[in-house]
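# Tertiary structure, described
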Amino acid sequence: MITRRRAIAGLTASAAGITLAACSVDTGGGGGGGGGGGGGEVDMESQVGHMEDFQAGTTFRATEPVEFSLLYRDHVNYPFQGDWPIIQHLEEDQNVTFQYENVPLEDMEQRRSVLVSSGDAPDIMPVTYAGDETQFVSGGALLPISEYVQYMPNFQQKVEEWGLQAEIEQQTQEDGRYYMIPGLHEVPIPGAYTIVIRQDLWDAAGLEHPRTWDEFQEQLVTIQEENPDLTYPYTDRWSIDGPIEATLSAAAPNFGTVAGWSFGEGLQWNQDDGEYVYAGGSDEYRSLVEYFAGLVEDGLLDPEAMTQSDEQAEQKFASGQAAAIGGSDQIILEYRQAFEELGNTEAELSLITVPGGPAGDFIAAGSRLESGLMFSARAAERDDFLAMLQFVDWLYYSDEGLEFAKWGVEGETFEREGDQRVLHEDINWGHINPGAPQLLNADYGYYNGVFSLAHGSTEELDMSMRSDEAVQFIEDMNAVKEELELPPPVTYDEMEQEQAGLQQTTLQDMTRQATAQFILGERSLEEWDAWVSELEGAGMNEYVERANSAAGVTE
């Protein structure tokens, strides 16, 4: 993967990033590294349960039983079970138990906000994405974890050895500290979302996979001509909050902008000018919208894709009404199952490498960071706080902990054959042992985002459960795509954050609505200048000026 100097990228829901507090590995659990953080001190005389000799690579086991409160995101696909093997092993092998605050997935953001704002947040809050923490920083309810990473040698080691300092710097708040610690990947992991095509129809038409979005459009014309029974050659999904957000997110870097799921704060970094602009009103965003509007106008893209449910989209694809659809390396397995259930055994499906566009062949910056954790500020008052830091460091950042959280325990869930792990044949995960009676996550609790930040971290572990198809997709993406360079972090103070947040919501809602209207042809692209004026009337210029000032690129 190449890092390209000319960057056009956007930030996540907060424009804040993470700063490496300490680059050197503190094997003894004290003292601090450099990098502007690591200033927090733990009163060693009051601490219990921690290991005196904890260092990178050490198996953590509390020296006496400890219990931490945990905000647990209860996923509908693998509902919480208190007797999961992963929970039993953490108690038996690590001497750690939890007091759970169980929250259904759909209620997670709201419930977390209430808990943090009221000062009742659990000690550990996993499944936190960059930006989730920003709204709580000024209230003092979150722990500035950057001040304590000197007690987390596995985290420090990976950041230093993998050269992740720049990525970590993206979460620094205005006070120079960070309040969320992310999951880490050794190598770039391109977004898994792309277009899934009917490979059998592409082969019959003599078509290779498209290299550019324009070529994809040309191929859709051919597919429609060769298969007149298709309602539309291409349909799409993930349109709950805005139109086809996964596809727009994947395509956007190739058009020089941010969109869909990656729209974030709507800030588009233009390296040539050295400043942020608002993506929703930029020429690059117009180019992206114009492309998909052209597909709809030419009868190549199903207009219902802008509003239909995921189930409707999948049914259209599986029933032969469309030959292409938005998907991913996991979703393609669901599509294949849907085809089988309908008795269509001749259909062959493939993932295509995300096509290049007028801006080049890119993926967004920051693909080596994952969702992470926040901590309650009150956690630092615990007499087992150091044990908590050591446990978190082991489970989420050590090679041993990451393997355990993903694969389980050798001899119970998997065996080793040489340097390969083999899941027991009665356990299913994704493409592994389909139809097996037990599920690795639902029946054992492993491969659970609450206990596993990066689902791998090292390249080997990251790829270990992926299908050959998924590995090939990642390799193909990394072979042809360039990763955009990270833009300057935008670090608002408390008042600026409040002002920006209000405008961000308004501007984003307007952009989502207008994007759908332009793509569907309900609004002519000849009205683009009028649209930009509407954004200006909603405070776009003030919003961008504040962001550039907070990023230090303008006075």
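As the structure is a computational prediction, the values presented were derived from the model and not from experiment.

For the rest of this paragraph, the subject is the overall build of the protein. Across its full length, the protein carries 18 helices and 17 strands. Rg of the C-alpha trace for the protein: 24 Å, near the compact-globule value of 24 Å for 555 residues, within the 12% margin. Summarising its shape, the C-alpha atoms of the protein cover approximately 75 × 60 × 40 Å along the three principal directions. Here the protein, with 555 residues, has 56% of them falling under the buried criterion. Residue pairs at least 24 apart in sequence account for 75% of intrachain contacts in the protein once pairs closer than 6 positions are excluded. Carbon and sulfur atoms make up 43% of the accessible area of the protein, which totals about 22300 Å². Positive and negative side-chain charges in the protein, numbering 26 and 102 respectively, have mean positions lying 1 Å apart.

Right, let's get into the nonpolar core. The biggest cluster of nonpolar side chains holds 82 residues, and the ones touching the most others in it are Trp202, Trp213, Phe216, Tyr234 and Phe292. In this structure, Trp213 is in contact with Ile195, Thr247, Ala251, Asn254, Phe255, Tyr291, Phe292, Val354, Pro355, Gly356 and Gly357, ignoring residues within four places of it in sequence. Counting residues in each nonpolar core, the second largest holds 66 residues, with Phe60, Trp162, Ala405 and Met465 among its members.

Right, let's talk about the sheet that holds strand β9 (residues 324-327) for a bit. Pairing is antiparallel across the open sheet formed by three strands, whose spatial order is β9-β6-β10. Every other strand in the sheet has two partners, leaving β9 and β10 (349-351) as the edge strands with one partner each. Averaged over neighbouring strand pairs, the angle between their axes works out to 30 degrees when direction is ignored.

Once that is clear, we can look at the packing of helix α12 (residues 385-397) against helix α13 (residues 399-407). Axis separation between α12 and α13 bottoms out at 5 Å; the angle between their running directions is 65 degrees. Here α12 lies roughly perpendicular to α13, going by the angle between them. In this structure, α12 uses Trp394, Leu395, Tyr396 and Tyr397 to contact α13, whose residues at the interface are Asp399, Glu400, Gly401, Leu402, Phe404 and Ala405. Classifying every residue of the contact of α12 with α13 by side-chain character gives seven nonpolar, one polar and two charged.

Mean pLDDT over the protein: 90, with 93% of residues reaching 70 or higher. Below a pLDDT of 50 lies the segment residues 1-37, which in the model reaches 154 contacts outside its immediate sequence neighbourhood of four places, other chains included.

We now examine the packing of helix α4 (residues 153-161) against α12. Between α4 and α12, the shortest axis-to-axis distance is 7 Å and the interhelical angle comes to 45 degrees. On the basis of the axis angle, α4 is oblique to α12. For the pair α4 and α12, the contacting residues are Pro153, Asn154, Phe155 and Lys158 in the first and Asp393, Trp394 and Tyr397 in the second. Of the residues belonging to the contact of α4 with α12, the class tally is four nonpolar, one polar and two charged.

Turning our attention to the pairing of strand β8 (residues 275-278). Because side chains alternate across β8, one face comprises the buried residues Tyr276 and Tyr278, and the other comprises Glu275 and Val277, none of which is buried. Summarising the sheet, strand β7 (residues 267-270) and β8 pair through four bridges and their orientation is antiparallel. Note on β8: the bridge partner recorded for Leu267 is Tyr278. Where β7 folds back on β8, the antiparallel hairpin that results is connected by four residues, among which Gly274 adopts a positive phi of roughly 65 degrees.

Within this structure, the stated rule accounts for 35 aromatic pairs. Site record: aromatic cluster; members linked through ring pairs are Phe54, Phe60, Phe68, Tyr72, Phe80, Trp84, Phe98, Tyr100, Phe391 and Phe451.

What follows is about the pattern of salt bridges. What the rule picks out here adds up to 24 salt bridges. Here Arg177 ties to Asp175 by a salt bridge, and the two come within 3.5 Å at their closest N and O atoms. Taking relative accessible area as the criterion, Arg177 reaches 30% and is therefore assigned partly exposed.

Below, the discussion takes up the environment of Ala56. With respect to the element layout, Ala56 can be found in the loop between β1 (2-4) and β2 (66-74). Assessed through its relative accessible area of 23%, Ala56 is described here as partly exposed.

Residues in a regular strand project their side chains so that they alternate between the two faces of the sheet. Among the seven residues that make up strand β12 (residues 369-375), five are buried, leaving the element largely enclosed by the rest of the structure. By the bridge criterion, four bridges tie strand β5 (residues 181-184) to β12 in an arrangement that is antiparallel. In the strand pairing of β12, Gly183 is matched with Glu370.

At Val127, a position not held by glycine, the phi torsion is positive, near 55 degrees. Mapped onto the fold, Val127 is located in strand β4 (residues 124-128). Take Val127: its relative accessible area is 10%, and that puts it in the buried class. One non-glycine residue, Asn433, lies in the positive phi region at around 55 degrees. Within the secondary structure layout, Asn433 lies in the loop between β15 (427-428) and β16 (438-439). Judged by its relative accessible area of 23%, Asn433 falls in the partly exposed class.

Calculation criteria
- Residues numbered from 1 in each chain as written.
- Predicted model: local features only at pLDDT ≥ 70, side-chain atom pairs only at ≥ 80, totals over all residues.
- Heavy atoms only, no water.
- Helix = DSSP H or I, 4+ residues; strand = E, 2+ residues; numbered from the N terminus.
- Rg over C-alpha atoms; globule rule 2.2 N^0.38 Å.
- Buried < 20%, exposed > 50% of the residue type's maximum accessible area, 1.4 Å probe, protein only.
- Contact = heavy atoms within 4.5 Å.
- Areas by Shrake-Rupley, 256 points an atom, 1.4 Å probe, with all protein chains shown as cover.
- Lys, Arg positive; Asp, Glu negative; His and termini not counted.
- Charge placed at Lys NZ, Arg CZ, Asp CG, Glu CD.
- Core = buried A, V, L, I, M, F, W, Y, C linked by side-chain atoms within 4.5 Å.
- Pairing = 2+ DSSP bridges.
- Axes fitted to C-alpha atoms, helices over the stretch in contact; angles between N-to-C directions.
- Parallel < 35°, antiparallel > 145°, perpendicular 65-115°, else oblique.
- Nonpolar A, V, L, I, M, F, W, Y, C, P; charged D, E, K, R; others polar.
- pLDDT = per-residue confidence, 0-100.
- Phe/Tyr/Trp six-rings, centres within 6.5 Å; stacked < 30°, edge-to-face > 60°.
- Salt bridge = Lys/Arg side-chain N within 4 Å of Asp/Glu carboxyl O.

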